[in-house]
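Below are the chains, spelled out letter by letter.
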Amino acid sequence: TRGDDADADGDDGDGDAVTTTLRPAKDLAPAVHTAGKTLVMDGDAQIVVSSADVRNLHDPAKKKIYYNAKYEDLHAPLAGPAHPFRADGAARGARNHATGHVETAHLDRFAFEEQYNTFHARGYGANPDGAGVVGDAAAAQREGGDTVFTMSGAKRRKVRDDALARVADGAADGAADGGAWAPARAAKPVVSREDLSSQQKEYIEWHAARREANLRARGKLKDEAEGALVDQAMGGARDAGGADDATRAEKSFFHGTSEKNYAGESWITPPKDRKKENDHCYAPKRCIHTWSGHAKGVQAIRFFPKHGHLILSAGLDNKAKIWDVHGSGKCMRTYLGHEKALKDITFTNDGSRFVTSSWDKKIKLWDTETGAVISTVTSGKVAYCVTAHPHDDQQNVLLAGQSDKKILQYDWNAGDVVQEYDQHLGAVNSITFCDEGRRFVSTSDDKSIRVWEFGIPVTMKYIADPTMHSAPATALSPNGNWLACQSLDNQITVYSTKDKFRCNRKKVFKGHSNAGYACQLGFSPDGRFVASGDGDGKLFFWDWKTCRIFKSLKAHDKVTIGCEWHPLEQSKVATCSWDGTIKYWD
């Protein structure tokens, strides 16, 4: 430090002092290797260490190294003493696995099975290293180290009888005292009555009453046990499955507020303010409502004929449900009566009755308003499809395509089969009436299409081609001139119903993936669009004139098995899926 001249002479001056600071130089050159040594920078200090020391003393916690490491150095095991604070106390150098050290050993298959079964049955087993036992040492000492293979037959039977006796008494804890041959069963959760909804309470009461009636009919119900059945069913203490072999009784539950309105009209009466909006259809863009009430997937849906204020669904949970479309949007009635999943449903022309077919090989005719079963018929085979006659004066006629290659014509008035159509070589998948009900078309797994005169069991037209695939679903155009068939080779083919049922090669709709699924298809009310679901959960709309995809929507998480156009609201479509939901699109 130096000052002015006046300051240097000792005078007191006010001149500004000038200060100069010499900072240490920093070497920015890279490390230089000389004579087997490396110059590294650690902060401001320079350290010279040998390459061997750097390689041997490298800290694995640091992410920087100062030499070109070899593969062996990077993947070498960590060496060093045991960490004093590690839980296992094992040195990292002695570990070849994340949880310790794994040694390779040979074990005979018989010895492994012997110790494995002994450990799971008796609670103990020999230690793999040959010293002592693992598990319940007291049980091993009490049993003398016997295994399940060395135990005598008398002792084995005694132990089994003791274990079964404890399970019957409710103890079932023999694994702790060494006497259980099977693990104890987990206790079933007890559901209180307060946790159930009103619909569940009503269903459980009906189920308990039905079981009680079945047991009383077989003479297995005592007087003191009559009241206990309902208590057991409501408390969930035991499963009411003792009457599964009995015939399932039909039952229906109404979920609305009242079955009659203020004018005394039934709840299925169509609203008078709903009229046909227009004659021009548009493809829907968005989902406006979702119905979810089925415990499993939904197989098929049908709108109420001519009005569409209600929609009927057939579920894989053995139930049929009918939903309100215009009003509350809730489930109005549930129909119980089938023992297995439903396959197909269809309304009569006036909507007062509907038919269901199920995998339990039964076909039931229901009253839509009251939920009562009017009639039940069965042929011993599964009816894959059911179709009512389109004429109003023949609503007692039903055609059912069955799994035994036959088409049966039922008369509900007679309650029996009146005609049988037996020409197909495979299960019948669909039946569609055409030509004002004078003829109908059937498709089958035999990859053929057959045309029949109604009432005459002789094939009128047989359509088959080596390039054809099975058509599990069909739809008739609004003008009745075209029949669209959902082919399993991922396309929709069209046949004329007027000109000798010839295939229209120019009308082929492609782009969806429906192979393996009987996806329902349909025409828009004005005939401008063809709609169909596919196996990926999408909904496709094709333009009828150009046969090109007009729009596609991601409708469901699983296969979109059914789609239905609304009869009055021209631009609205309902879809159903195996994900258990029904969606309404606008």
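Residues numbered from 1 in each chain as written. Predicted model: local features only at pLDDT ≥ 70, side-chain atom pairs only at ≥ 80, totals over all residues. Heavy atoms only, no water.

A closer look at the overall build of the protein chain
Check the secondary structure of the protein chain and you find nine helices and 34 strands. Counting only contacts in the protein chain whose residues sit at least 6 apart along the sequence, the fraction spanning at least 24 positions is 46%. As presented, the protein chain carries roughly 33400 Å² of accessible surface, and 50% of it is formed by carbon and sulfur atoms. (Helix = DSSP H or I, 4+ residues; strand = E, 2+ residues; numbered from the N terminus. Contact = heavy atoms within 4.5 Å. Areas by Shrake-Rupley, 256 points an atom, 1.4 Å probe, with all protein chains shown as cover.)

Some words on the environment of I363
Following the sequence through the fold, I363 ends up in strand β14 (residues 362–367). Placed 20 residues apart in sequence, I363 and A383 show a C-alpha to C-alpha distance of 7.6 Å. If sequence neighbours within four positions are ignored, I363 has contacts with V355, T356, S357, S375, T376, V377, A383, V386, L398, A400, Y410 and W412.

With respect to the nonpolar core
Ranked by internal contacts, the top residues of the largest apolar core, which has 17 residues, are W267, L310, L312, I322, Y335 and F354. Of all the secondary-structure elements, those providing two or more residues to this core are β9 (310–315), β10 (319–324), β11 (331–336) and β12 (342–347). If you look at the next biggest cluster of nonpolar residues, it comprises 15 residues, including W291, F303, I311 and C576. (Core = buried A, V, L, I, M, F, W, Y, C linked by side-chain atoms within 4.5 Å. Buried < 20%, exposed > 50% of the residue type's maximum accessible area, 1.4 Å probe, protein only.)

Side note on the pattern of salt bridges
Counting across every chain of the model gives 13 salt bridges. Between E339 and K362 there is a salt bridge whose closest N-O contact spans 3.9 Å. Taken together, the positions of E339 in the loop between β11 and β12 and K362 in strand β14 put the pair 23 residues apart, joining distant regions of the chain. According to the relative accessible area criterion, E339 is partly exposed, its value standing at 37%. Shared partners join several salt bridges into a network, and the residues in it are D435, E436, R438 and R439. (Salt bridge = Lys/Arg side-chain N within 4 Å of Asp/Glu carboxyl O.)

Comments concerning the sheet that holds strand β19 (residues 416–421)
The strands that make up a sheet pair up through hydrogen bonds in the backbone, lying either parallel or antiparallel. As summarised here, the arrangement of the four strands in space is β16-β17-β18-β19, forming an open sheet in which the pairing is antiparallel. Unpaired on one side and paired on the other, β16 (383–388) and β19 mark the two borders of the sheet. The average undirected angle you get between the axes of adjacent strands in this sheet is 25°. For strand β17 (residues 397–402) and strand β18 (residues 407–411), the ladder comprises five bridges, and the chain directions are antiparallel. (Pairing = 2+ DSSP bridges. Axes fitted to C-alpha atoms, helices over the stretch in contact; angles between N-to-C directions.)

Regarding the pairing of strand β32 (residues 560–565)
In terms of burial, β32 is a largely internal element, six of the six residues being buried. Pairing of β32 with strand β33 (residues 573–577), which is carried by five bridges, proceeds in the antiparallel orientation. Across the sheet, C563 pairs through a bridge with T575, a residue of β33.

Focus: the sheet that holds β10
Spatial strand order, β6-β11-β10-β9-β8: five strands in an open sheet with antiparallel pairing. At either margin of the open sheet sits one strand with a lone partner, and together these are β6 (251–254) and β8 (298–303). Pairwise comparison of adjacent strand axes, ignoring direction, gives a mean angle of 15° for this sheet. Two elements, β8 and β9, share five bridges in a ladder whose sense is antiparallel. Within β9, the residue paired with F303 across the bridge is I311. Sitting on the sheet, helix α8 (residues 198–217) touches β6, β10 and β11, and the angle it makes with β6 is about 160°.

Digging into the UniProt feature "repeat: WD" (unreviewed entry) in the protein chain
Taking the numbering used here, the UniProt-annotated feature "repeat: WD" (unreviewed entry) corresponds to residues 291–325, 335–376, 421–453, 521–552 and 553–586. End-to-end, the C-alpha atoms of residues 421–453 are 10 Å apart, and along that stretch the chain is 0% helix and 61% strand. Across residues 553–586, helical content stands at 0% and strand content at 53%; the span's end C-alpha atoms are separated by 12 Å. (UniProt positions renumbered as here; feature names shortened; annotations may be inferred.)

Structural notes on unusual backbone geometry
Leaving glycine aside, a negative phi is the common case for residues, and trans is the common case for peptide bonds. Within the chain, K361 stands out as a residue other than glycine whose phi angle is a positive 70°. Unusually for a residue other than glycine, D435 sits at a positive phi of about 55°. As for its placement among the helices and strands, D435 is situated in the loop between β20 (428–434) and β21 (439–444).

Side note on the side chain of T348
Within the element layout of this structure, T348 appears in the loop between β12 and β13 (353–358). With residues near it in sequence (within four places) discarded, T348 still touches P305, R353 and Q395.

Focus on the packing of aromatic side chains
Taken as a whole and assessed by the stated rule, the structure comprises 24 aromatic pairs. Between W291 and Y584, the aromatic rings sit 5.8 Å apart at their centres with planes inclined by 40°, giving tilted as the arrangement. Residue W291 is located in strand β7 (residues 287–292), and its partner Y584 is located in strand β34 (residues 581–585); the two are separated by 293 residues in the primary sequence. Assigned by exposure class, W291 and Y584 land together as buried. (Phe/Tyr/Trp six-rings, centres within 6.5 Å; stacked < 30°, edge-to-face > 60°.)

Some words on the state of the cysteines
Evaluation of the coordinates by the stated rule reveals zero disulfides. Of all cysteine sulfurs, the one in C563 lies closest to C576, which takes part in no disulfide; the gap is 8.4 Å. (Disulfide = S-S within 2.5 Å.)

Here we look at the environment of A111
Along the chain, A111 turns up in helix α4 (residues 109–122). Residues A111 and F149, spaced 38 residues apart in sequence, show a C-alpha to C-alpha distance of 10.0 Å.

Quick word on α4
End to end, α4 covers 19 Å across 14 residues, agreeing with the expected 20 Å (1.5 Å per residue, within 8%). Taken residue by residue, α4 has E114, T118, A121 and R122 as its buried positions. The buried residues of α4 occupy one face: seen down the axis, they fall within an arc of 80°. Structural note: α4 exposes R109 and H120 on the side pointing more than 90 degrees away from its buried face. Taking the backbone nitrogen of F110 as reference, a side-chain oxygen 3.0 Å away marks D108 as the first, capping residue of α4. (Expected span 1.5 Å × (residues − 1). Arc of directions from axis to C-beta. Polar contact = N/O pair within 3.5 Å; in protein donor to acceptor, adjacent residues only side chain to side chain.)

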